[in-house]
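Summary of structural features
Chain by chain, the residues:
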Amino acid sequence: MGVFTQEINGVVITFFSTASAVGKTLISTNMASELARQGKKVCLVDFDLQFGDVSNYLQLLPQRTAYDLQQAMNLQGNAVRAEEFLTPYEYHNVVFYVLAAPAKLEEAYNIDADKAMDMVRQLQKVFDYVLVDTTSTFSKLNLALLDLSTIVSFLGIVDFIPTIKNMKIGSETLKKMNYDKNKIRLILNRSNAKTRISIEDVENLLGEPFYHILPNDFQAASRSIKDGVPLVLRSGGSELGEALRDLVARYTNRVYDDTVDEHVPESWLARIFG
Ligand SMILES: Nc1ncnc2c1ncn2[C@@H]1O[C@H](COP(=O)(O)OP(=O)(O)OP(=O)(O)O)[C@@H](O)[C@H]1O
Ligand SMILES: [Mg+2]
């Protein structure tokens, strides 16, 4: 991988929630795709170590995983080349890299949180963006990740009272951590799914408005997983795909252009980090 020459200090975006099945993997795979489409160097890390779905959603068959990287780090320390343990995802001229979750449960269990953080730090040196998909627990690994992250995408859905209660616990816990206010981005997914609970009531309960709201589109979401092609890479598009692109545009403060094949001019972020 000759492209990785200079040391950079990539932006780390963690996708976190306090309930499962709220869209962490769908959104992180789409954000990785959209950033890559814009010409950024992107690595998506699957730290849903035991039950990771990134490789399934992208139909990848990884030869090496986070477990292999940990083994190599144990032998070589920080001299390890983390990029050699990644699996490329390619669609037309869009490419990004995935650090896959371990293949076996016992390997996942044996990943050490400190080593996992070293992996992210290593990847930060060679990627503009390191996106990390997680699980919905305040585990040692996730707490360390939240600390290390530049941005935390805290995702929620409004379906049942227990989910909302857990979102409240999550958002209060994140507030207690006293991070910079801009670090935590509260994102509502599947907003127009059938529910009796209003978004406004949830915002009042959480004490803040949602940073971004994504629509419910079960068909588009399931089709993209079935095909292994994230929504933002499909021309023709869907409302959900557009909303995901808008989310990335807000993160990067730039207006996206609409094609996969056209040459995309470098953004200020690429100029700074490139
Ligand atoms: N905006 C949406 N509209 C409709 N369906 C969606 C939307 N976002 C996600 N889904 C669907 O919800 C399910 C869960 O999504 P996903 O796997 O991304 O959640 P997760 O938070 O990663 O779950 P887990 O905690 O199990 O890792 C998937 O079947 C996905 O297709
Ligand atoms: Mg997931």
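Overview of the structure.

Parameters and conventions
Residues numbered from 1 in each chain as written. Chains lettered and ligands numbered in written order. Predicted model: local features only at pLDDT ≥ 70, side-chain atom pairs only at ≥ 80, totals over all residues. Heavy atoms only, no water. Near = heavy atom within 4 Å. Polar contact = N/O pair within 3.5 Å; in protein donor to acceptor, adjacent residues only side chain to side chain. Areas by Shrake-Rupley, 256 points an atom, 1.4 Å probe, with all protein chains shown as cover. Helix = DSSP H or I, 4+ residues; strand = E, 2+ residues; numbered from the N terminus. Nonpolar A, V, L, I, M, F, W, Y, C, P; charged D, E, K, R; others polar. Buried < 20%, exposed > 50% of the residue type's maximum accessible area, 1.4 Å probe, protein only.

Once that is clear, we can look at the site of ligand 1. Taken together, 18 residues are adjacent to ligand 1, and Lys24, Thr25, Leu26, Tyr57 and Asp217 come closest. Here a nitrogen atom of ligand 1 and a side-chain polar atom of Asn189 are 2.8 Å apart. Here ligand 1 loses 85% of its free accessible area of 630 Å² to cover by the protein chains. For the shell around ligand 1, the secondary structure elements donating two or more residues are α1 (24-37) and α9 (218-227). For the shell around ligand 1, the per-class residue count stands at nine nonpolar, five polar and four charged.

Moving on, we get to unusual backbone geometry. Even without being glycine, Gln59 reaches a positive phi, approximately 50 degrees. Residue placement: Gln59 occurs in the loop between α2 (54-57) and α3 (66-76). The class for Gln59 is partly exposed, based on a relative accessible area of 49%. If you check the backbone angles, Asn178 has positive phi at about 55 degrees while not being a glycine. Considering the arrangement of structural elements, one finds Asn178 in the loop between α7 (161-176) and β7 (184-189). When its relative accessible area of 68% is taken as the criterion, Asn178 is described as exposed.

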